[in-house]
Amino acid sequence: MPSVSAHVASALSRHVSHVFGVMGNGNAHLLDALERSADVTFTALRHEAGGVVAADAHHRAGGGLAAATATYGAGFTNTLTALAEAAQARSPLVLVVGDAPTSGPRPWDVDQIALASAVGVRTYTVGRTDAVATTVIAIEHALAFSSPVVLAIPYDVAKAEAGALPEITEPRLPRALAPASPFAAGTLHRIAHALARAERPLLIAGRGAWLADAGPALGALADATGAVTATTALGRGVFPRQEFDLGVTGGFGAEAAMDVVRTADVVVVFGASLNQFTMRFGALFAPGTTVAQIDVASTATHPHVGHYVRADAGIAARALVDELTALDAGSSRWRETLDVAVLRAYDHGDELAPDGRLDPRSAARRLAELLPDDRVVVSDGGHFIGWANMYWPVASPDRMMMIGTAYQSIGLGFPSVPGAATARPDATIVLTTGDGGGLMAVADLESAVRVAGGRGLAVVWNDRAYGAEVHLYGAQGLAPAPMLIPEVDFAALARAVGGEGVVVRTLDDLDALARWRERPADDRPFLLLDLRVSAAIRAPYQEEILRVNS
């Protein structure tokens, strides 16, 4: 007779193709049921946080609903940082965990419901008679609210007989949000009139616009208005006409491009939260700029927004195109007056910094020339995040993900690789991470090497320091010792777990990447480039943080 765990696995397998995690007492029976299923692949990670990270990255790379599993107690508490990141990033994810038995907690049990709630995540607990229904409810919650959920299986219920498998109900999901009210329609009408009169219109899009499949509609709107475009870091590539795109707004943007953004007279933002980094801590737009925002959040997310419409970005963009057509509005032709390629140019840097170590700017630029075109970039958190976001173009938003940035975490890089690799088996997965975050996640370097194989590549920006702290607090005169890390040979660590590792001290050393790229993916190992970069070169976005915090 099927067990409760088999019921959970059956309902889960209808909606996910991959599950990531670590086995323990609390999820052993679930994993047994998943292993016997022909519909789900389980990928083992080496740390419970890594299981949630891999699932999150799998979703962000286009893999659909994310699923991870861990045992109770210490296994569950190990997931909390990664779970908080998924909650902040609004990733639909189901984390299946063991839990205390229904007879009461044991000495090692903790209040897992309270812990999950503390990071903004709801828990659903299955019973012997409702395992399938509760699993479907949890899945529906994750998808409808774009949020992680915890699905808990009490220890004494996991292997209990649950009877024959019932019919599995499909989750009911909300439709794309249309601007249906008269007030919303009136606000869109005002935005259209502002765009029609604008001399220097600017459209900005974030990841929400990509999720809404708004790219074609946004392209039509840009063409109709002659608007210049720009994106958030997570929206890169969403606009179809890259020749008119200024790149990433905020601290990752080229200075000349950001100067142009500040001259815009009307700005419409689609599917972007306008966080402090995107907004340059409030200095992105000039005073008096008309700023409109279209998003699914309940209210505007920045005080500079003067017109807000709660709606799906694609539906709203198409409505604006229709409004402009009805107004017989002409193009501003602003974008044709700008040399966008020149405006987007970044500082090339020098080969070596004054301290004799690699200049990360020149290394990033050379890497951009050598990286495979089919790349999907996954980024850990840390000072180095600016280099990939500034110098490495990507084809679309699902080819650049920043795991950890939503929660301001580091140490989630290496386990991101297996998740992205299973979602995009046709692509080369490129990790960008620092030495501090790399050491936090080093257990799952093995997972990255094992799962991605010759389609995996890690770039470690090894500056012998927690760089963000050096550039913020070191610059303020705080004692440097806690900010420093003894130099670690990451290339040797990669070789120890079956990969290929190369220490990069000069730009010529990057020829190893060129040789690796020319080899068939099936005939080459995972490659780790240990870049010995200078801690003296401060990323431009860090200059803004220093200015605000000093």
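See the structure above.
Residues numbered from 1 in each chain as written. Predicted model: local features only at pLDDT ≥ 70, side-chain atom pairs only at ≥ 80, totals over all residues. Heavy atoms only, no water.

A. Spatial organisation of the overall build of the protein. For the protein, the helix and strand inventory stands at 22 helices and 18 strands. Compactness check: the protein gives a C-alpha radius of gyration of 24 Å against a globular reference of 24 Å for 550 residues, within 12% of the reference. For the C-alpha atoms alone, the extent of the protein along its principal axes is close to 70 × 65 × 50 Å. Expressed as a percentage of its 550 residues, the buried residues of the protein come to 58%. The long-range share in the protein, meaning contacts at least 24 apart out of those at least 6 apart in sequence, stands at 78%. Counting every atom, the protein has about 21500 Å² of accessible surface; 52% of that belongs to carbon and sulfur. The positive charge centre, built from 43 side chains, and the negative charge centre, built from 58, are 2 Å apart in the protein. (Helix = DSSP H or I, 4+ residues; strand = E, 2+ residues; numbered from the N terminus. Rg over C-alpha atoms; globule rule 2.2 N^0.38 Å. Buried < 20%, exposed > 50% of the residue type's maximum accessible area, 1.4 Å probe, protein only. Contact = heavy atoms within 4.5 Å. Areas by Shrake-Rupley, 256 points an atom, 1.4 Å probe, with all protein chains shown as cover. Lys, Arg positive; Asp, Glu negative; His and termini not counted. Charge placed at Lys NZ, Arg CZ, Asp CG, Glu CD.)

B. Inspection of the packing of helix 1 (residues 4-13) against helix 7 (residues 131-145) at higher detail. Interaxial distance between helix 1 and helix 7 falls to 8 Å at its minimum, and their mutual angle equals 35 degrees. Pair helix 1 / helix 7 crosses with right-handed handedness. When helix 1 is examined against helix 7, the residues V4, H7, V8, A11 and L12 are found in contact with a partner set consisting of A131, V132, T135, V136 and I139. A per-class count over the contact of helix 1 with helix 7 returns eight nonpolar, two polar and no charged. (Axes fitted to C-alpha atoms, helices over the stretch in contact; angles between N-to-C directions. Left-handed = near helix turned anticlockwise from the far one by under 90°. Nonpolar A, V, L, I, M, F, W, Y, C, P; charged D, E, K, R; others polar.)

C. Highlighting the packing of aromatic side chains. Counted by the stated rule, this structure contains six aromatic pairs. Centroid distance Y72 to Y155: 5.8 Å. Interplanar angle 90 degrees. Geometry classified as edge-to-face. With Y72 in the loop between strand 3 (66-70) and helix 4 (74-77) and Y155 in the loop between strand 6 (148-154) and helix 8 (182-197), this pair connects stretches of sequence that are 83 residues apart. Relative accessible area serves as the criterion here: at 9%, Y72 is assigned to the buried category. With centroids separated by 5.4 Å and ring planes inclined at 80 degrees, the aromatic side chains of F252 and Y541 adopt a geometry described as edge-to-face. Taken together, the residues span a long stretch of sequence, with F252 in the loop between strand 9 (245-248) and helix 11 (255-261) and Y541 in helix 22 (residues 540-549) at a distance of 289 residues. Considered together, F252 and Y541 belong to a single accessibility category, that of buried residues. Joined through ring pairs, the aromatic side chains of Y346, W387 and Y391 make up one cluster. The ring of Y72 carries the charged tip of R106 above its face, separated from the ring centre by 4.4 Å. A cation over a ring is seen here: R524 above W516, with NZ or CZ 3.8 Å from the ring centre. (Phe/Tyr/Trp six-rings, centres within 6.5 Å; stacked < 30°, edge-to-face > 60°. Lys NZ or Arg CZ within 6 Å of the ring centre and 35° of its normal.)

D. Highlighting the environment of A254. Tracing the sequence through the fold places A254 in the loop between strand 9 and helix 11. Sequence separation of A254 and D347 is 93 residues, and the distance between their C-alpha atoms is 8.6 Å. Among all residues touching A254, those that are not within four sequence positions of it are L343, R344, A345 and Y346.

E. Main features of the nonpolar core. Within the largest apolar cluster, 68 residues are counted, with the highest numbers of intra-cluster contacts made by W392, W461, L529 and L531. For this core, the leading source of residues is helix 15 (residues 385-391), giving five residues. By size, the runner-up hydrophobic cluster in this structure holds 50 residues, among which are V53, A66, A68 and L431. (Core = buried A, V, L, I, M, F, W, Y, C linked by side-chain atoms within 4.5 Å.)

F. View of the environment of F277. Tracing the chain through its elements places F277 in the loop between strand 10 (266-270) and strand 11 (290-295). When the C-alpha atoms of F277 and T69 are compared, they prove to be 33 Å apart, with 208 residues separating the residues in sequence. Among all residues touching F277, those that are not within four sequence positions of it are G250, G251, Q408 and I545.

G. How the structure looks around the pairing of strand 15 (residues 428-434). Judged by how many residues are buried, strand 15 sits mostly within the fold: seven of seven residues are covered. Of the two faces of strand 15, the one holding T428, V430, T432 and G434 and the one holding I429, L431 and T433 are both buried throughout. Examined bridge by bridge, strand 13 (residues 375-379) and strand 15 share five bridges and lie parallel to one another. Looking at the pairing, S379 lines up with T432 of strand 15. In this sheet, strand 16 (residues 456-462) lies alongside strand 15 in parallel orientation, the contact comprising six bridges. Residue pairing across strands places L431 opposite A458, the latter belonging to strand 16. (Pairing = 2+ DSSP bridges.)

H. Structural detail: unusual backbone geometry. Phi is positive for D213, close to 55 degrees, though the residue is something other than glycine. The topology assignment puts D213 in the loop between helix 9 (207-211) and helix 10 (215-225). Under the relative-accessibility criterion, D213 is labelled exposed at 59%. With a phi angle near 60 degrees, R333 is a residue other than glycine that sits in the positive phi range. Examined against the element boundaries, R333 turns out to sit in the loop between helix 12 (313-327) and helix 13 (340-343).

I. The pattern of salt bridges, seen in detail. Applying the stated criterion to the full structure yields 28 salt bridges. With a shortest N-O distance of 3.1 Å, D347 and R361 are connected by a salt bridge. Separated by 14 residues along the polypeptide, D347 in the loop between helix 13 and helix 14 (360-370) and R361 in helix 14 bring together distant segments of the chain. The shortest N-O distance in the salt bridge between R455 and D374 comes to 3.7 Å. (Salt bridge = Lys/Arg side-chain N within 4 Å of Asp/Glu carboxyl O.)

J. Focus on helix 14. Listed as buried for helix 14 are P360, R361, S362, A363, A364, L367 and L370. Considering only its buried residues, helix 14 is in contact with helix 15, strand 16, helix 21 (511-518) and strand 18 (527-532).

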